[in-house]
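Summary of structural features
What follows is each chain in one-letter form.
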Amino acid sequence: MTVVRPDTVPQPATAPAAPAPFPTGFVWGAATAAYQVEGAAAENGRTPSIWDTFSHTPGKVLNGDTGDVAADHFHRYRDDVALMKRLGLKAYRFSVSWSRVQPTGRGPAVERGLDFYRALVDELLEAGIEPVATLYHWDLPQELEDAGGWPERATAERFADYAAIMARALGDRVGTWTTLNEPWCTAFLGYGSGVHAPGRTEPAAALRAAHHLNLAHGRATEALRTHLPAAARTSVTLNLHQVRPLTGSAADADAARRIDAVGNRIFTGPMLRGAYPEDLLRDTERLVDWSALVHDGDVNAIARPLDVLGINYYTPTIVSTPADGTGDTRNDGHGSSDHSPWPGSEHVAFHLAEGKPRTAMNWSVDPNGLHALLMDVARENPGLPLMVTENGAAFEDTVDADGRVHDPERIAYLHGHLAAVQRAIADGADVRGYFLWSLMDNFEWGYGYAKRFGAVHIDYATQRRTPKSSAHWYSEVIARHGLPAEA
């Protein structure tokens, strides 16, 4: 990734009176994740994942919330697919609960677990909605964590076995497969800062986890290619940080370089370029022996050709190096912890963009960051199709007296970011689609049910679904295959 100086961030072009439509074939979708929406935590043979264990541990999740019921998508998927159809969605990005399919993370699949995903996919296809499957969205089977989790090399091999199971089960009906969603969060929030499951705070383990996630991606891609039809597409989704130095100083430039290394290039290096960046190795050599961690053949196994690169973006990352070497290192938008998710660069300070509106997550709203990120990735990876696989915002949504949910802030957020995607396409980026995060309100990890990202409001007491104003707005965008002149 190219680190962007503050004075070179692209500024928004003057909006045309009638924006051009998006390219023919551009995919309009929405996304969810298994533990966040499915519920049915102990049904049909499903066993605990690390998120079941973490959320049931007192003090780990706000208000003691768990994903035991969540949005009850497991039981209500038919109604949810019907709602997707009414909204006009062309694709639905969902993730598979590994422990619902393979409860111990080893051995044969549980057919009852596979049957749920077979039924979901069939329902989507019947509705004319393309299913896009993500194999891993943070819910490692607890038995594999008990054996060491992602810091252990064996977990990557187990993941490849699981990928083969899913390809054989759904490969005839699912055309796009994503191996991992945001492996940075898995490694560095799960094993570094501990704000995500499994809640470990071990910097060296976080770096080992990152390598084994990379290896898992490569092994799984190979397994998918072995069992999927030739026309199927393989991908990975990364939450790439759009890194900006706070000032033009050399120290802040180095801070940006460091965060780009451990936040982005630790994955894009081996996945897309066949090597870990040398500066990352230097920054972290006091924590891990990379020569022992990376075995012969690992990088070749990781660097499997991709058909699509998924990019998740919410807010930019602005950093500095404090003059005294200390600072507010945890204003990074990734939860509160006494432990850093940036091993080797714990001293770097993070800042919010000044003068920008903020979401309920206290994240700066800055569509220019998405445009800059897409252009960076496109320049550095010519010929690689891109997909915005998550983009959205949490706001303080309320139901009015008439039972409606008005969320003009979310509409403005989506309009600005879709305009940024449109500008990136016009500037030469090969962006093939956009998935709104998220389809519905859900279990928002460490925040429980306190943060609402959905275009569809969920009353958790009744499970009533109410499309918000933003859902209707997005439906109109899909129908016109383009943006209105104004939000």
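As a reminder, the structure under discussion sits directly above these lines.
Okay, so let's go over this structure. This structure is a prediction, so every number in the text was calculated from the model and none was measured.

1. Focus: the overall build of the protein
Across its full length, the protein holds 16 helices and 13 strands. In summary, the protein has a C-alpha radius of gyration of 21 Å against a globular reference of 23 Å for 487 residues, a match within 12%. By its C-alpha atoms, the protein is 55 × 55 × 45 Å across when sized along the principal axes. When burial is assessed residue by residue, the protein has 61% of its 487 residues classed as buried. Contacts spanning at least 24 positions in sequence make up 77% of the contacts within the protein whose residues lie at least 6 apart. On the protein, roughly 17,600 Å² of surface is accessible, and the fraction owed to carbon and sulfur atoms is 51%.

2. Overview of the sheet that holds strand β11 (residues 431-437)
One closed barrel holds the eight strands; their spatial order is β1-β2-β3-β4-β5-β7-β10-β11, and the pairing between them is parallel. Along the sheet, successive strands turn relative to each other by an average axial angle of 25°, direction set aside. Pairing geometry for strand β2 (residues 91-95) and strand β3 (residues 130-136), over five bridges, is parallel. Its bridge partner lying in β3, Ser95 is registered against Thr134.

3. Here we look at unusual backbone geometry
That bond from Ala197 to Pro198 is cis: its omega, 10°, falls within 30 degrees of zero. Position of Pro198 relative to the elements: it lies in the loop between α8 (183-189) and α9 (203-227). Going from Trp437 to Ser438, the amide bond is cis rather than trans, its omega being -5°. In this structure, Ser438 sits in the loop between β11 and β12 (456-459). Even without a glycine there, the phi angle at Glu182 is positive, about 50°. Note on Glu182: relative accessible area 6%, which makes it buried.

4. Quick word on the pairing of strand β5 (residues 233-238)
In terms of burial, β5 is largely enclosed, as five of its six residues are buried. Bridging between β5 and strand β7 (residues 308-312) involves four bridges; their strand directions are parallel. Along β7, the bridge assignment pairs Leu238 with Ile311.

5. Considering the side chain of Asp441
Inspection of the secondary structure assignment puts Asp441 in the loop between β11 and β12. On the basis of relative accessible area, Asp441 is assigned to the buried category, the value being 0%. A polar contact is formed between the side chain of Asp441 and the backbone nitrogen of Gly454, at a distance of 2.9 Å. In this structure, Asp441 is in contact with Ala71, Arg452, Phe453, Gly454, Val456, His457, Ile458, Tyr460 and Lys468, ignoring residues within four places of it in sequence.

6. Overview of the side chain of Gln242
Assignment of secondary structure puts Gln242 in the loop between β5 and β6 (243-245). A distance of 2.8 Å separates polar atoms of two side chains, one belonging to Gln242 and the other to Arg244.

Criteria and thresholds
Residues numbered from 1 in each chain as written. Predicted model: local features only at pLDDT ≥ 70, side-chain atom pairs only at ≥ 80, totals over all residues. Heavy atoms only, no water. Helix = DSSP H or I, 4+ residues; strand = E, 2+ residues; numbered from the N terminus. Rg over C-alpha atoms; globule rule 2.2 N^0.38 Å. Buried < 20%, exposed > 50% of the residue type's maximum accessible area, 1.4 Å probe, protein only. Contact = heavy atoms within 4.5 Å. Areas by Shrake-Rupley, 256 points an atom, 1.4 Å probe, with all protein chains shown as cover. Pairing = 2+ DSSP bridges. Axes fitted to C-alpha atoms, helices over the stretch in contact; angles between N-to-C directions. Polar contact = N/O pair within 3.5 Å; in protein donor to acceptor, adjacent residues only side chain to side chain.

Bear in mind that shape data such as this cannot, by itself, settle questions of function.
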